[in-house]
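Breakdown of the fold
In case you want the letters, here they are:
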Amino acid sequence: MSIPVLWLCSWYPNREDAFTGDFVERHARAVSGYRPLSIWHVRFSTQANAIGVENLQDGAMEVAIRYLPSGNILMRYWKWFWIHKALWDEYISKYGLPPLVHVHIPFPSGLFALYLKLRYKIPYVVTEHYGIYNNEVDDRFKRRNIGFRWISKAVFAYATKILPVSDRLGRDIQHDVGIGRYTPVPNVVNTNLYYYDAKDKAEGFRLVHVSDGSSNKQVEKIIVNFMKLLQQYPTLSLHIVGISDSEWKRYSVHEGLFNSSIFFYGIIPYHEVSDIVRKSHVGILYSRYETQSCVLLEYLCAGLPVIAPDTGGVTELINSRNGILVNPYDDATLWYAMCSLYEQYDSYDKVKISAEAHARYSYAAVGRQLCDIYDTMSKPE
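Residues numbered from 1 in each chain as written. Predicted model: local features only at pLDDT ≥ 70, side-chain atom pairs only at ≥ 80, totals over all residues. Heavy atoms only, no water.

1. Regarding the sheet that holds strand β8 (residues 205–210)
The 6 strands lie next to each other as β10-β9-β8-β11-β12-β13, forming an open sheet whose pairing is parallel. Across the chains shown, the open sheet's two edge strands, defined by having one partner strand only, are β10 (262–264) and β13 (323–326). Sheet twist, expressed as the average angle between the axes of neighbouring strands with direction ignored, equals 20°. Where helix α8 (residues 270–279) meets the sheet, it contacts β8 and β9 (236–241), and its direction lies at approximately 145° from that of β8. (Pairing = 2+ DSSP bridges. Helix = DSSP H or I, 4+ residues; strand = E, 2+ residues; numbered from the N terminus. Axes fitted to C-alpha atoms, helices over the stretch in contact; angles between N-to-C directions. Contact = heavy atoms within 4.5 Å.)

2. Observations regarding the layout of surface pockets
In this structure, the largest pocket spans a volume of roughly 1,500 Å³. Every residue lining the largest pocket is counted, 48 residues in all, and those nearest its centre are F19, D22, F23, D212 and K217. Of all the secondary-structure elements, those providing two or more residues to the lining of the largest pocket are α1 (22–32), α8 and α9 (294–301). Sort the elements by how many residues they give to the lining of the largest pocket and α1 lands first, with 5 residues. Looking at the lining of the largest pocket, its residues break down into 20 nonpolar, 15 polar and 13 charged. (1 Å grid on protein atoms, 1.4 Å probe; cavity = no way out; pocket = protein on both sides within 12 Å on 5 of 7 lines; lining within 4 Å. Points joined across faces, edges and corners; volume = space filled by probe spheres on them. Nonpolar A, V, L, I, M, F, W, Y, C, P; charged D, E, K, R; others polar.)

3. Points about a nonpolar patch on the surface
Taken together, M75, W78 and W82 make up a surface patch of nonpolar side chains, about 380 Å² in accessible area. Positionally, M75 belongs in helix α2 (residues 73–95). A relative accessible area of 44% places M75 in the partly exposed class. (Patch = residues over 30% accessible without salt bridge, like charges linked within 9 Å, V, L, I, M, F, W, Y side chains within 5 Å. Areas by Shrake-Rupley, 256 points an atom, 1.4 Å probe, with all protein chains shown as cover. Salt bridge = Lys/Arg side-chain N within 4 Å of Asp/Glu carboxyl O. Buried < 20%, exposed > 50% of the residue type's maximum accessible area, 1.4 Å probe, protein only.)

None of the figures reported here should be taken as evidence of function without further support.
Below is the structure:
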């Protein structure tokens, strides 16, 4: 029986939040095509009856999710450790020592990987997705409490390999944390859902934006510039996924930013998002900062030329063949890019955009890349 690789995930989809860490789950699905996995996630909850156990068998993935009340911080992490210790005892009684441990987001799950490294000499790798190692975001690493920073630095320091999802994120971690070498491994896309087929395109010309609507995404600026564009090209439509029209109406600052050519879908299932993206012609993202952006990868896998911010790991993805980079602090560049992509849409090779993205971000490609990294790691002593 093959011993599962142990994954310790600070973020993972769960019954209270189906979206936080969904990119970690897609990484897991990518690897599970090659190796069995045992995935652990402890969820701190504000719900009254938070204590709970959830065990899932999903193909080659054994997923153990445990729920804890948030409560006092010292008691919370005391319980957190003993939950991991109980899962560990079950694991080794069934499989023996794991060949390696893979941490997703260093705090807090990296703490248990560090314990296993010091106690059993089991090597671990760390994948970082979190875009806090810069001066653009409000919750940046340098502003976090000393405990968070100290633990994160220790987890990085003892890791055998550090795997940021983009080269820019790796350089940012180097700058803020002081790590050495790293190997970028990108986010992954379900290419069974995101692919290009010209027959999928809706009538007219659609622009699509997918996000949680946070201030970083600057959705109102996308809408303002789209409405300017409508004055020249009245047959266009803008489709916004992740925000409902009722949510949009709650903010008085957005009054007047409605038009019959703008469609809000709210939070919808992943496969429905892919349907909307495949029907669209151009994908838009206008964030102030992105570590890489799963949404951009999905646009590209669906063969959409994109408008994307010239920031963070995005600059590694976009070139003149697949889209236009814009200054996220200069709305004139956004408006100009919208005009250009509408007018020059036929000049983009959508089949090639999709094929190149599939080759880099599919389950098969990323799963194989991670397994190759596992194969280079030393065995437990």
